[in-house]
Amino acid sequence: MNIEETYDIVIVGAGHAGCEAALATARMGMETIMFTVSLDSVALMPCNPNIGGSSKGHLVREIDALGGEMGKNIDKTFIQSKMLNVSKGPAVHSLRAQADKYEYTKQMRMTLQAEPRLTLRQAEVTELIVEDGKVTGVKTNSGAVYHAKAVVLCTGVYLKAMCIYGDTITYTGPNGLMAANHLSDSMTESGIPVRRFKTGTPPRIDRNSIDFSKMSEQKGDDRIQPFSFTNKEEDITRDQISCWLTYTGEETHNIIKENIDRSPLFSGVIKGTGPRYCPSIEDKVMKFPDKDRHQLFIEPEGEYTSEMYLDGMSSSLPEDVQYKMVHSVPGLENAKIVRPAYAIEYDCISATDLKPSLEFKAVAGLFSAGQINGSSGYEEAGAQGLIAGINAARLLQGKDPIVLSRSDGYIGVLIDDLVTKETFEPYRMMTSRAEYRLLLRQDNADLRLTDIGHEVGLIDEERYAKFCEKRNQINSEIARLKEAMVGANKKTQEFLASHDSSPIHTAVSIADLIRRPELSYEIVEDLDTERPDLELDREVVEQINIYLKYEGYIDRQQSQVEHFIKMESKKIPADIDYSKVKNLRIEARQKLEKVRPESIGQASRISGVSPADVTMLMLYLNI
């Protein structure tokens, strides 16, 4: 007799999307069950051993500000921390941490198992149960049925997964874990088309076989910046483990060129589309022949393993070519490969089949998050998982979904790009995709999103009270600094001269002085005689400095956001018949029909819909 159980929500997959989705639904009061093909794969890092990086660090801090888990988990398990792009403006500063990937998995699994309303189950989900256009549960490979009011698909790269290097093909997921070979068919039967994408990973090598004397040591920052707003530097400080930098050279590139016909990527064996911004080494060598070398970062996979990750050498070349290629790199002449590089193909969907809430248009109550949506990266997956989980729970609560706009956060940009713009390759978040990036900095993610996290029930009262106190301190101190004046007296002029700052000729506010590049809130303390006897946290001081120094640019971008919000507020009826809109081009009509945008703003971002088409649409709707 087959098992039948009932839950509020089913999560399919326990990767980074699945973990965030499951924790969100359970913490919002939903009885949740999460399925995985292997409990050993919970929050698995099958590729790069790090969290964050350019733009991805923004996503992690936004996940944390909303009440997600990724930031807390990497703070527990990092082995090196670094703030990237510090030579540039604060808009592009991004935190990146090397993880002990085994400890990361362990700690996340412990967090999941401690959640009272969450059940973990090892089983392959093979079938969606859909009745009258609504999902009502799932079935596993054993025939067991799990009824639910909502289902979130977080299948990662496991759907009909196929790992490839050279002539070696294994029908498994990453790290030899079992693939999910049946769910894709059930999705197709439910009216959800699938397509094929590809990603890859580099070889891992034995640390004991590396000559580090031929490489440049890459140390972590002296000051450790936590990912989670709940942590302070002193809470997570530790001795850090170095990474190392080396380069490919002419010999490496010649080996690749001589064997390019043996690459399944070029021979046609691999059918899936790979990521543009994380190409394989053979892709880089063939597409950029003018480059005489490429960076390789040698990164530890963890604190208690000798495996090292060759960041920058993703490949699907045969094993013998991989050895030659690795041995041609300075410092790796005698390196031993522990795990060969491979490419992995998998089924995924077009996210234009989703609403901005990440619920499928074709199947009510069915949500989707992570690499199944055509994205790449742990951080992109975690962000989508959190939003999908929140909205699955809110659906059951009878509440409107949470939809972050492009002016709310990088998560809003990520999801809007996925559901609005057709992506024909794995999508990767980048700072250049965020048009309001001066407002969407990693340092102010809590100021932008913690209110929402509290509203949905993922930020508790104690944390929210501390956040409100921080926000009040920032606002009140900025207001005071704009009113606090200093005169053009001898003391002031001597102070300015001592800091290579030009003299003043009339009284100015302390805020005006802080705006000078060479001065800051900390430096002008001696002139600020009315400063309150209160030691502000470093995060508060940081916000004061950034706001005052960039106030003009921030105000200008805020006015752009107001125009954006106006366009987003012009809603399009869900039942609109685009065939009745006069003077729409055929391409625009087809794209609008497929995406079914919810607002004029979203319609204007659809590839193939011109400003003239948007004007025709607005005239038709009389808005």
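Source: prediction; values computed, not measured. (Residues numbered from 1 in each chain as written. Predicted model: local features only at pLDDT ≥ 70, side-chain atom pairs only at ≥ 80, totals over all residues. Heavy atoms only, no water.)

(A) Fine view of the sheet that holds strand S8 (residues 125-131). If you walk across this open sheet you meet the four strands as S1-S10-S9-S8, and the pairing is mixed. Two strands close off the open sheet at either side, each with one partner strand: strand S1 (4-6) and S8. Each strand of the sheet is rotated relative to its neighbour by a mean of 25°, with strand direction disregarded. Across three bridges, the pairing between strand S9 (residues 134-140) and strand S10 (residues 145-147) is antiparallel. Note that in S10 the partner of Gly 137 across the bridge is His 147. (Pairing = 2+ DSSP bridges. Helix = DSSP H or I, 4+ residues; strand = E, 2+ residues; numbered from the N terminus. Axes fitted to C-alpha atoms, helices over the stretch in contact; angles between N-to-C directions.)

(B) Layout of unusual backbone geometry. Here Ala 43, not a glycine, exhibits a phi torsion of approximately 50°, which is positive. Summarising the element assignment, Ala 43 is placed in the loop between strand S3 (32-36) and strand S4 (50-52). Owing to a relative accessible area of 0%, Ala 43 belongs among the buried residues under this scheme. Its identity as a non-glycine residue notwithstanding, Asp 132 has a phi of 55°, on the positive side. Residue Asp 132 is classed as exposed on the basis of its relative accessible area, which comes to 84%. (Buried < 20%, exposed > 50% of the residue type's maximum accessible area, 1.4 Å probe, protein only.)

(C) Representation of the environment of Pro 611. Summarising the element assignment, Pro 611 is placed in helix H21 (residues 611-621). Overall, the relative accessible area of 65% leaves Pro 611 in the exposed class. Spatially, the C-alpha atoms of Pro 611 and Thr 168 are 49 Å apart, while their sequence positions differ by 443 residues.

(D) Representation of the pattern of salt bridges in the model. Applying the stated criterion to the full structure yields 50 salt bridges. For Asp 446, the salt bridge is made with Lys 470, and the minimal N-O distance between the two is 2.7 Å. Of this pair, Asp 446 sits in helix H13 (residues 445-456) while Lys 470 sits in helix H14 (residues 461-483), and the two are 24 residues apart along the sequence. Take Asp 446 and Lys 470: they sit in the same class, and that class is buried. Across the pair Arg 471 and Asp 451 runs a salt bridge, and its minimum N-O distance is 2.8 Å. (Salt bridge = Lys/Arg side-chain N within 4 Å of Asp/Glu carboxyl O.)

(E) Summary view of the sheet that holds strand S11 (residues 150-153). In spatial order, the strands read S7-S3-S2-S11-S22; together these five strands make up an open sheet with parallel pairing. Either end of the sheet is taken by a strand with one partner, and the two such strands are strand S7 (118-122) and strand S22 (366-368). Across the sheet, the mean angle from the axis of one strand to that of its neighbour is 20°, orientation sign disregarded. Bridge count for strand S2 (residues 9-12) against S3 is four bridges, and the pairing is parallel.

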